[in-house]
Amino acid sequence: MTTDMNRPAKHICLLILSLTVSLAAFAQNKKLTINVSDAPITSVMDQIEKHSGYFFIYSKSVFDDSRTVSLRVKDASLKEVLNRMFTGTDISWKIEKKQIVLSRKSETPSNSAPRLLSGKIVEASNGQPLQGVTVMIDGTTIGTNTDAEGRFSIKVDDGAKLRVSSIGFRDEILICQPDIDNITISLKEDFDMLNESVVVGYGTVSKKNMTTAVVSVKTDEVPKAVNSNLNSLLMGRAPGLQANQTSGQPDGKVNLSIRGGGTPIYVVDGVVMPSSAISMSSSNMNMPSNVNRSGMGSINPSDIESIEILKDASAAIYGVRAADGVILITTKQGKQGKPSVTYDGSYSFVRNYPYLEVLDAKEFMIFSNVMNKETYLYNNSMYPYGSAIYDGGWTPRFTDKEIANAQTTDWTRFVLKHGYIHNHNLSVSGGTQYVKYYLSGQFFGQDGTVVNSGMNKLTLHANINAQVFKFWNITASMNVNRNKYLNANTGADTGNRGATGASALYASLIIPPYLPEKQEDGSYTIFSNIPNPSSMRDISDDTTENGYNFNVSTTFNLWKDYLKLKGVYGMNQENSLRNTYIPSTGYFDLVMKSRGNVSAQTRRYQTAEVMLSFSKDIANVVNIDAMLGMGLYRQDYYGYSVDYEDTIDVIREDDIASATGNVFPGSYRGLNEHRSQFLKASADILDRYV
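These numbers come from a predicted model, not from an experiment.

The rules we used
Residues numbered from 1 in each chain as written. Predicted model: local features only at pLDDT ≥ 70, side-chain atom pairs only at ≥ 80, totals over all residues. Heavy atoms only, no water. Helix = DSSP H or I, 4+ residues; strand = E, 2+ residues; numbered from the N terminus. Buried < 20%, exposed > 50% of the residue type's maximum accessible area, 1.4 Å probe, protein only. Contact = heavy atoms within 4.5 Å. Areas by Shrake-Rupley, 256 points an atom, 1.4 Å probe, with all protein chains shown as cover. Phe/Tyr/Trp six-rings, centres within 6.5 Å; stacked < 30°, edge-to-face > 60°. Lys NZ or Arg CZ within 6 Å of the ring centre and 35° of its normal. Pairing = 2+ DSSP bridges. Axes fitted to C-alpha atoms, helices over the stretch in contact; angles between N-to-C directions. Parallel < 35°, antiparallel > 145°, perpendicular 65-115°, else oblique. Nonpolar A, V, L, I, M, F, W, Y, C, P; charged D, E, K, R; others polar.

Caption draft 1: View of the overall build of the protein. When helices and strands are counted, the protein shows eight helices and 33 strands. Considering the protein as a whole, with its 690 residues, one finds that 43% of them fall into the buried category. Sequence separation of 24 or more characterises 65% of the internal contacts of the protein that already satisfy a separation of 6 or more. Put simply, the protein shows about 36100 Å² of open surface, and 53% of that area lies on carbon and sulfur atoms.

Written out as C-alpha cells, the structure reads:
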C-alpha cells in the first residue's frame, strides 16, 4: 500500500480507518480448505479458528457438543465456509469484529433499540398497588423498584425476560412483546415463603413480620464452580447490591456496595470479619506493587448456607460502623440423621477473549513515517499547517529497505496464555438429637491467562452443635485455610509512573513490534523507558497466606424458653508472607539491577458479645421479642518489610546481608478497640401488626 505524503493531515484518521477495514476484509477473504466427514462440530470450529484468526462465540444452549459435521471446501472464503456449514440447520451466524456469533434462529437477538416499558404491580387478592417490588431483566443486574403507587419503568429489548419479585409473593416472569408498552402485573401471595425465617442482626425473623430492607441470597441457587471468594459469588445476585471488579487476576478484587454506599461490614456466624484482603506492597518505588485481591478469601463459598444483605434501618443495630450496610453470612450446620458424604468437583478451561490487534512491524514503520513527516510539516509551518511550501528536507525514520525486511515480534505471546480452574469440595454431615456436625474440605486451583498468574487454595471447615443439657447449648465452628498466589504483573502501571512502571501486559501493547526479543549478545532488547515484556516473565512475585478463624457460642435457657442468655467469642487471624524479586537482567522503572522485597504481616480480629433475650406469646394475641446486649471488638496488626538491591540472582532473599546495594527495612504495629451496647424490641399483634 502506498500513501501520498503531501495529503492533508486531516485525512490521516481516515487512512488509519481504511487500513483497519482493509485488514479485517483481508482476514475474512483468507482462503480456507476443510475436508471432514462426520467430524465433531467443535473440532471443525477449532480448525476454522486456527486458520482464519476468528473466534466463535456461543452459549451451550445453541447446540449439543455431540453434533457432527461433514464439510468439503477448497480455497473458500470464511463466509462461504460458514454458509456451507450451517445451511439447513437451526443455527444462524453473524460476524462482529473478530468474533463469529452463533445463535438459534428462533433466538436471534433483535436489532431494535431498547424501548421504555412502563407498568403497575398490584396484589392479586385485592388489587392494591405494591411498593418496593423488584423488577429486573432476567440474567442481568439491570432493574428497578416500584414506587408508592406500584408503578415502574425500565428500558428493555423486545423478547427480554422480566423477573418480578417481592418478599411474600411468588415470582412472575414475562417476556417483553414488541407491541406492548404498558402492563399491569398481579402478584399472588406465597404463604410458604412468608413463614420462612430470615437471619437479621442478632436473631431471626419470619418474612411476614419483616419491616426493614433485607435481601436474602440462597447459595444453593448460585453456581460455585469458578467462584473463588464470597464477593465474586454475589455479583449480580441481589437487587441494590453493586459489584465492581477492579482486578482480573485470580481472586481479583470485587468491590461491593449497598445502594451506592461504601464498603459494608461482614459478619460470619455472628462474628465481625475484615472486609479487605491482607496485603503488602514494597516500600521501594522501584518494585512492582499491583496486588489487588478481594477480602473474605478464607471462606469457602460451598460452606455458606445463606447470605442476608441488611440495608438502611435493618443494619442500625450494628451502630455507626454499619452505615454502609451489613452482609450476614451463615455457614452450613449438620442435621440430625445418618452421616451424609457429598463430593462435587469441576474443571474449567479459560482462554483470553480475542485481544486488541496491534500493528505488525511493517505497518508500524509506515505509520511512524507518516507521523514523523506530519510532525516535520507542523513544526516548520508548512502546508497544510502553514503557508510555507514543503522544502523536501524531511528524512524518513525508516527506509523502504528497512520496511521490506522488517520482522514482526508479537510481544503479547510472551504474556498471554490459556488457563484453567479446578474446584473440589468434600463434606460430611449428620448427627443425633444431641450432637450435630458438618465437616468439609476444599481445594481450589487456578492457572491464570497471564504469565506468572495463578493460585491454590486449601480450606478446612468444621461446625459442631451440642445440646449438653436441656438448658445448655454449645455451638463451635473453626475454619483453617492456606492460600498460595502467584502475583502476575498486570494492570496498567505501578505507582502511576506510566511506561517506566508498565506491567507486562501494558508493555506488550506499547513496545514497537519491529524490535527483536533479544539482542545479538543474548541480552533483552531495551526501547526507551519501556520494560521488555519477555524479561518481565523472569520477575518472581508470590504470596503465601494462612489463617484460621473460630467462634464458640453458648446459650443458657434461664426460664421456660422465654428468657435466654447467650455469649459469643470469635477470633480471626491471618498471616501473610510476600517475596518479590527482579533479577539483574530485568529493566524496570529505568533501572537494570537485581532488587527484591520481603514483607510479612499478621492481623487479628476478635469479637466478644453477651446478650439477654426475652420472647413470649401472650394469649395468642401479642408476641413480644426483646434483646439487650453488649460487645467488645478488638483489631490488632503488625508487620515488617525489607527492600534490598544488588544481590546475586541465585541467592535472592535467602541471604539479604550479602546484598551490596541499599537495604531499606521497615516495620509497623497498630491496635483498634471499641465497645458497643445495643437493644432491640418488637411486638407482633394478632400475627398482623408489627
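Caption draft 2: Region of the structure containing the environment of G150. Tracing the sequence through the fold places G150 in the loop between β8 (143–145) and β9 (151–156). Setting aside residues up to four positions removed in sequence, G150 forms contacts with G119, K120, I121, P129 and L130.

Caption draft 3: Inspection of the packing of aromatic side chains at higher detail. Inspection of every chain in the model, using the stated rule, returns 14 aromatic pairs. Between Y378 and Y385, the ring centres sit 5.5 Å apart and the planes meet at 80 degrees, which makes this aromatic pair edge-to-face. For Y378, a relative accessible area of 56% translates into the label exposed. Here Y385 falls in the partly exposed class, since its relative accessible area comes to 32%. An angle of 20 degrees between the planes, with centres 6.2 Å apart, marks the rings of F469 and W472 as stacked. Among the residues examined, F469 registers a relative accessible area of 45% and is labelled partly exposed. Directly above the ring of Y485 sits R293, whose terminal nitrogen or CZ lies 3.9 Å from the centroid. Against the face of Y633 rests R321, its NZ or CZ located 4.2 Å from the ring centre.

Caption draft 4: Structural context of the sheet that holds strand β15 (residues 214–218). Taken in spatial order, the five strands make up an open sheet running β15-β20-β21-β18-β19, and their pairing is mixed. Edge positions in the open sheet fall to β15 and β19 (271–273), since each of these has one partner strand only. Each strand of the sheet is rotated relative to its neighbour by a mean of 25 degrees, with strand direction disregarded. By the bridge criterion, four bridges tie strand β18 (residues 265–268) to strand β21 (residues 326–331) in an arrangement that is parallel.

Caption draft 5: Looking closely at the packing of helix α2 (residues 41–52) against helix α3 (residues 78–86). One way to put it is that α2 packs onto α3 with a least axis distance of 12 Å and a crossing angle of 175 degrees. On the basis of the axis angle, α2 is roughly antiparallel to α3. Counted together, I41, V44, M45, I48 and S52 of α2 and L78, V81, M85 and F86 of α3 form the full contact between these two elements. A per-class count over the contact of α2 with α3 returns eight nonpolar, one polar and no charged.

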